[in-house]
Amino acid sequence: MPFRQFVLKVASRCDLSCDHCYVYEHADTSWRGRPMVMSDETAARVADRIAEHAVEHGIQTAHVVFHGGEPLLAGIERLRRFARTLRRAVDGVCDLDLRIHTNGVLLSRAFCEMFVQERVKVGVSIDGDRAANDLHRRYADGRSSYDHVVRAITLLRDHYPALYAGLLCTIDVRSDPVAVYEALVALRPPRVDFLLPHATWDHPPPRPAGRETAYADWLIAVHDRWRADGRPVPVRMFDSITLTAMGGDSQTESLGLRPSDLVVMETDGSYEQADSLKTAFDGAPATGFDVFRHSLSEAARHPGFAARQGGLDSLAEECRRCPLVTSCGGGLYAHRYRTGPGFANPSVYCPDLFRLISHLVADDRRSPAAPVHRLPVATLDSLASGTATAGDVAHLGAPQLSRARLAARRAAAVTGDQESWSVLVDAERADRAAVDDLLSHPYVHAWGARCVVSPTLLTAADTGHLAAVAAVAAVRTGLAAKVAVPVRGTFVHLPGLGRMRAVGQDRAEVDVHDGSFAVRVDGRWLSEDSPLWEPIRPIEAAGLRLLLDDVDAYRDCYGTPVEDRLTDEAAAALGEVVGAALAFLSEDRRAAVRAGLRVVTPLPRGANGATSRAAYGAVALPLGAGPETTARLLVEHFHRAQFGALLDLLDLAGGDTSRELLLCDAYGLLSVADFLADEERERLATTIGRITGGTLPVLGRRFAEGLAEAAARLPLLAGSRQE
């Protein structure tokens, strides 16, 4: 299995003296013989090895973390050079997700400005409130680091929110779990990670009063309060237990059966296994491989890495028999160590993990949790502030895909059309990405919404549309299939492809073979070169490829009439206007549009733009509007669609539809503030005032405050608020 996560030890010393540190306070002492910082030569070789590995294994994203010791000790300019070296190496090969994890003591505006320029996200370690943090995280002379760390986190949160990646808390059962939780949530992190203190069977964790499940009890207290608060921030440990219990993948190496894909690269270029192994015995993470003599693929064949990729078969017999093994996964590999049998044991935290997982699973069964899809708090903040990136927008698409999948299953159940369902399943087995792309089409969403929301009102054409979806899935995956598709009006509709005119019949046979299709009309087989075929036409401009969909049977979902098939001349004219409108937008905004918009549907001249919550990924735009007007309508309604997708994930208005409309109106207007006349800005200010003056849930309040802060930066609105 290839590596996808790369931990770079850019510094091997630290400015704190935390007594629970696995690098300096546990069994391994290899740090003593390593360079204090990674050299430029080593960093260049590391970057080349990562790029080489990405090419060899087709890796789409390399996840790299600058780590230590304390990585900020490497200095601003050295870290800048490392970041640029990495990006140059992987340019055109794969995407780079670059992060740094720090104790925060040295974090400054100068560091943050560099991280903004080099696109480096920042995670910070803090163990809760002052009392909890001071148990371990102190300077060598005993001074507290708490104020320095909180200052660093506040700097990130208030001035560089796009950099803020989350908080890591190592728990100590002597601290108050609720006080720790409240202190962490008060810092408004995008995510919280709770870490069990590293221990082995040779050196077990302390258990006050001999309580066998002291760590589970501590975490359960946090979980129950977190759940009662409405899950205000994602917690990786709790979310991973929920996901694995439902058959999904864990988000952390300490839980679940997913093979490890992480490698550590030390300051001298040595490849090592996970740092947590330093707690087992001196030299435990070592491999004998390094970036100068060995490729990453060679390192991956080391027995230590192989041992962490065996899934269930690699666990102790006791673990394999456990009913919770898919969630627990035997616990963190390092925590299984005992002199003699090595790592072939359950975790030293086995009783804690069993109790914790049992509690969370039972709790979810009693009161089902929120949907599996989670929205990072940082993404919510970015959306509210108008600084959403393509990655932020992409978070909104996965839940829409899940809804479309649910709709397809619902339609199969309602119609009993197992033949079409089987074609869809076979196509997914052949090429899941292609089927995902089909199900992500906005008007497949619109059809799906009708199946889910109003199953008793479905027409034969609605239920028969599953066959059309299956036919297109077969086309996209090269599957051979033959299905009967309903004729709606005078057309056979193939979503995402186009429509075939088929007058005088109720159903038509569609034959798919080798990625092409033919429709049987009036005894004749007609293919895509028939004059009766009306394909969906692309709009390619400003680096984007959109679909001009003026034929889909479910495009009439906006509460206003839509145009039917445009002439080639009218379609070309609309495409030119949309292209010119996109040119008005900044590169970042075009990237966000690219991540969330795929379809444009024409409206009659003089109409306003429109979007539909049932058709995420599409906007309807009027014919005859100029580029600037079209740009405003496209951006505003693209953002209104985002807000609808947000409401599918989060209750931002406490179920109050009038407040939902106000939030949507403010969000849409704020996105086009540069286009607004003075009276429209006044309307925006009034709308935001009405929102923030009312009662909202915690996340709704956070979103509204983000809107208000963004609006306050507009000159007229800032002046209005001062008055």
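Residues numbered from 1 in each chain as written. Predicted model: local features only at pLDDT ≥ 70, side-chain atom pairs only at ≥ 80, totals over all residues. Heavy atoms only, no water.

## Some remarks on the overall build of the protein
Move 1: A count of helical and extended segments in the protein gives 27 helices and 20 strands.
Move 2: Here the C-alpha radius of gyration of the protein, 28 Å, is about what a compact globule of 723 residues would show, namely 27 Å.
Move 3: Seen through its C-alpha atoms, the protein measures out along the principal axes to roughly 85 × 65 × 55 Å.
Move 4: The buried share among the 723 residues of the protein stands at 56%. (Helix = DSSP H or I, 4+ residues; strand = E, 2+ residues; numbered from the N terminus. Rg over C-alpha atoms; globule rule 2.2 N^0.38 Å. Buried < 20%, exposed > 50% of the residue type's maximum accessible area, 1.4 Å probe, protein only.)

## Here we look at the layout of surface pockets
Move 1: Looking at the second largest pocket, its volume works out to about 580 Å³.
Move 2: In this structure, the second largest pocket is lined by 21 residues; those nearest its centre are Gly-397, Ser-440, Arg-594, Ala-595 and Gly-596.
Move 3: Within the residue set of the lining of the second largest pocket, elements represented by two or more residues are helix H15 (390-394), helix H16 (397-415), helix H18 (432-439), strand E18 (544-548) and helix H22 (587-596).
Move 4: Partitioning the lining of the second largest pocket into residue classes produces 10 nonpolar, 6 polar and 5 charged. (1 Å grid on protein atoms, 1.4 Å probe; cavity = no way out; pocket = protein on both sides within 12 Å on 5 of 7 lines; lining within 4 Å. Points joined across faces, edges and corners; volume = space filled by probe spheres on them. Nonpolar A, V, L, I, M, F, W, Y, C, P; charged D, E, K, R; others polar.)

## Here we look at the packing of helix H14 (residues 377-385) against helix H26 (residues 698-712)
Move 1: Between H14 and H26, the shortest axis-to-axis distance is 7 Å and the interhelical angle comes to 40°. Every pair of crossing elements has a handedness; the one defined by H14 and H26 is right-handed. In this structure, H14 contributes Val-377, Leu-380, Asp-381, Leu-383, Ala-384 and Ser-385 to the contact, and H26 contributes Leu-699, Arg-702, Phe-703, Gly-706, Leu-707 and Ala-710.
Move 2: In terms of residue class, the contact of H14 with H26 is built from 8 nonpolar, 2 polar and 2 charged. (Axes fitted to C-alpha atoms, helices over the stretch in contact; angles between N-to-C directions. Left-handed = near helix turned anticlockwise from the far one by under 90°. Contact = heavy atoms within 4.5 Å.)

## A short note on the packing of aromatic side chains
Move 1: Under the defined criterion, the tally for this structure stands at 14 aromatic pairs.
Move 2: For the pair Phe-194 and Phe-238, a centre-to-centre distance of 6.3 Å together with 35° between the ring planes defines the contact as tilted. Here Phe-194 is found in strand E6 (residues 192-195), whereas its partner Phe-238 is found in helix H8 (residues 236-245), with 44 residues between them in sequence. By the burial criterion, Phe-194 is buried, and Phe-238 matches it.
Move 3: Ring centres of Tyr-333 and Phe-343 lie 4.4 Å apart, and the angle between their planes is 15°; on these two criteria the pair is classed as stacked. (Phe/Tyr/Trp six-rings, centres within 6.5 Å; stacked < 30°, edge-to-face > 60°.)

## Focus on the sheet that holds strand E9 (residues 286-290)
Move 1: Within the open sheet, the 9 strands sit side by side as E6-E5-E4-E3-E2-E1-E7-E8-E9. Their pairing is mixed. Edge strands, defined here as strands with exactly one partner in the open sheet, are E6 and E9. Neighbour to neighbour, the strand axes of the sheet diverge by 25° on average, direction disregarded.
Move 2: Pairing between strand E4 (residues 120-125) and strand E5 (residues 164-170): 4 bridges, direction parallel. Each bridged residue has a counterpart across the sheet, and for Val-124 the counterpart in E5 is Leu-167.
Move 3: This element, helix H1 (residues 40-57), spans strand E1 (5-9), strand E2 (61-67), strand E7 (262-265) and strand E8 (270-272) of the sheet and lies at about 175° to E1.
Move 4: Each of E1, E2, strand E3 (95-102) and E4 is contacted by helix H2 (residues 76-90), which is oriented at about 160° to E3, the strand it contacts most. (Pairing = 2+ DSSP bridges.)

## Some remarks on the pattern of salt bridges
Move 1: Inspection of every chain in the model, using the stated rule, returns 42 salt bridges.
Move 2: The shortest N-O distance in the salt bridge between Arg-565 and Asp-550 comes to 3.4 Å. Highlighted residues: Arg-565 in the loop between E18 and helix H21 (568-583) and Asp-550 in the loop between E18 and H21, separated in sequence by 15 residues.
Move 3: Salt-bridge contacts for Asp-564 lead to Arg-555; the nearest nitrogen and oxygen are separated by 2.9 Å.
Move 4: Linked by salt bridges that have partners in common, Arg-499, Arg-501, Glu-534, Arg-555 and Asp-564 make up one network. (Salt bridge = Lys/Arg side-chain N within 4 Å of Asp/Glu carboxyl O.)

## Focus: the confidence of the model for the protein
Close inspection of predicted coordinates is inappropriate for parts of the model with low pLDDT.
Move 1: Mean pLDDT over the protein: 87, with 93% of residues reaching 70 or higher.
Move 2: Across residues 717-723, confidence stays below pLDDT 50; counting only partners more than four residues off in sequence or on other chains, it has 9 contacts. (pLDDT = per-residue confidence, 0-100.)

## Some points on the pairing of strand E10 (residues 481-488)
Move 1: Two elements, E10 and strand E13 (residues 507-513), share 6 bridges in a ladder whose sense is antiparallel. Its bridge partner lying in E13, Pro-486 is registered against Arg-507.
Move 2: Here 2 bridges tie E10 to strand E11 (residues 491-494), and the two strands are oriented antiparallel to one another. The residue of E11 that forms the bridge with Arg-488 is Phe-491.

## With respect to the packing of H1 against H2
Move 1: Viewed as axis vectors pointing N to C, H1 and H2 meet at an angle of 30°, and their least axial separation amounts to 8 Å. Accordingly, the angle class assigned to the pair H1 and H2 is roughly parallel. H2 is crossed by H1, and the crossing has right-handed handedness. From H1, Asp-40, Ala-43, Ala-44, Ala-47, Asp-48, Ile-50 and Ala-51 reach across to H2, where they touch Arg-78, Arg-81, Phe-82, Thr-85, Leu-86, Ala-89 and Val-90. (Parallel < 35°, antiparallel > 145°, perpendicular 65-115°, else oblique.)

## Brief notes about the state of the cysteines
Move 1: By the definition in use, this model includes 0 disulfides.
Move 2: Cysteine Cys-328 remains unbridged, with the sulfur of Cys-319 as its closest cysteine sulfur at 6.2 Å. (Disulfide = S-S within 2.5 Å.)

## Remarks on the nonpolar core
Move 1: Ranked by size, the top nonpolar core spans 95 residues in total, and within it Phe-6, Leu-8, Ile-50, Leu-79, Phe-115 and Phe-194 carry the most contacts.
Move 2: It is helix H7 (residues 214-228) that provides the largest number of residues to this core, a total of 8 residues.
Move 3: If near-sequence neighbours (up to four positions away) are discounted, Phe-6 is found in contact with Ile-50, His-53, Ala-62, His-63, Val-64, Val-65, Val-263, Met-265 and Leu-296. (Core = buried A, V, L, I, M, F, W, Y, C linked by side-chain atoms within 4.5 Å.)

## Here we look at the sheet that holds strand E17 (residues 537-541)
Move 1: Spatial ordering of the open sheet is given by E17-E18-E19-E20, a layout of 4 strands whose pairing is mixed. The sheet is open, and its two borders are formed by E17 and strand E20 (618-622), each paired with just one other strand. Taking the axes of each pair of neighbouring strands and ignoring which way they run, one obtains an average angle of 35° across the sheet.
Move 2: Examined bridge by bridge, strand E19 (residues 599-603) and E20 share 5 bridges and lie parallel to one another. Paired with Thr-601 across the two strands is Ala-620, which belongs to E20.
Move 3: Along the sheet, H21 contacts E17, E18, E19 and E20; its crossing angle with E17, the most-contacted strand, is approximately 30°.

## Here's the deal with H2
Move 1: Its 15 residues place the ends of H2 22 Å apart at the C-alpha level, agreeing with the 21 Å of an ideal helix rising 1.5 Å per residue.
Move 2: By the burial criterion, the buried members of H2 are Leu-79, Arg-80, Phe-82, Ala-83, Thr-85, Leu-86, Arg-87, Ala-89 and Val-90.
Move 3: Along its buried surface, H2 packs onto E1, H1, E2, E3, helix H3 (109-118) and E4.
Move 4: Following H2 by one or two positions, Gly-92 adopts a phi angle in the positive range, close to 80°. (Expected span 1.5 Å × (residues − 1).)

## Overview of the side chain of Ser-240
Move 1: Position of Ser-240 relative to the elements: it lies in helix H8.
Move 2: Accessibility expressed as a relative area gives 0% for Ser-240, which makes it buried.
Move 3: Side-chain polar atoms of Ser-240 contact the backbone oxygen of Arg-236, separated by 2.8 Å.
Move 4: Residue contacts for Ser-240: discarding those within four places in its chain leaves Ser-250, Gln-251, Thr-252 and Leu-255. (Polar contact = N/O pair within 3.5 Å; in protein donor to acceptor, adjacent residues only side chain to side chain.)

## Points about the pairing of strand E12 (residues 498-501)
Move 1: In terms of strand pairing, E11 meets E12 through 4 bridges, oriented antiparallel. Its bridge partner being in E12, Val-492 is matched across the sheet by Met-500.
Move 2: Adjacent in sequence and paired antiparallel, E11 and E12 are bridged by 3 residues, among which Gly-496 carries a positive phi angle near 85°.

## Focus on helix H6 (residues 177-186)
Move 1: Listed as buried for H6 are Pro-177, Val-180, Tyr-181, Ala-183 and Leu-184. Buried residues of H6, viewed axially, fall in a sector of 165°; they line one side.
Move 2: On the buried face of H6, the contacting elements are helix H4 (130-133), E5, E6 and H7.
Move 3: Among the residues of H6, the N-terminal cap falls to Asp-176, whose side-chain oxygen and the backbone nitrogen of Val-178 are separated by 3.0 Å. (Arc of directions from axis to C-beta.)

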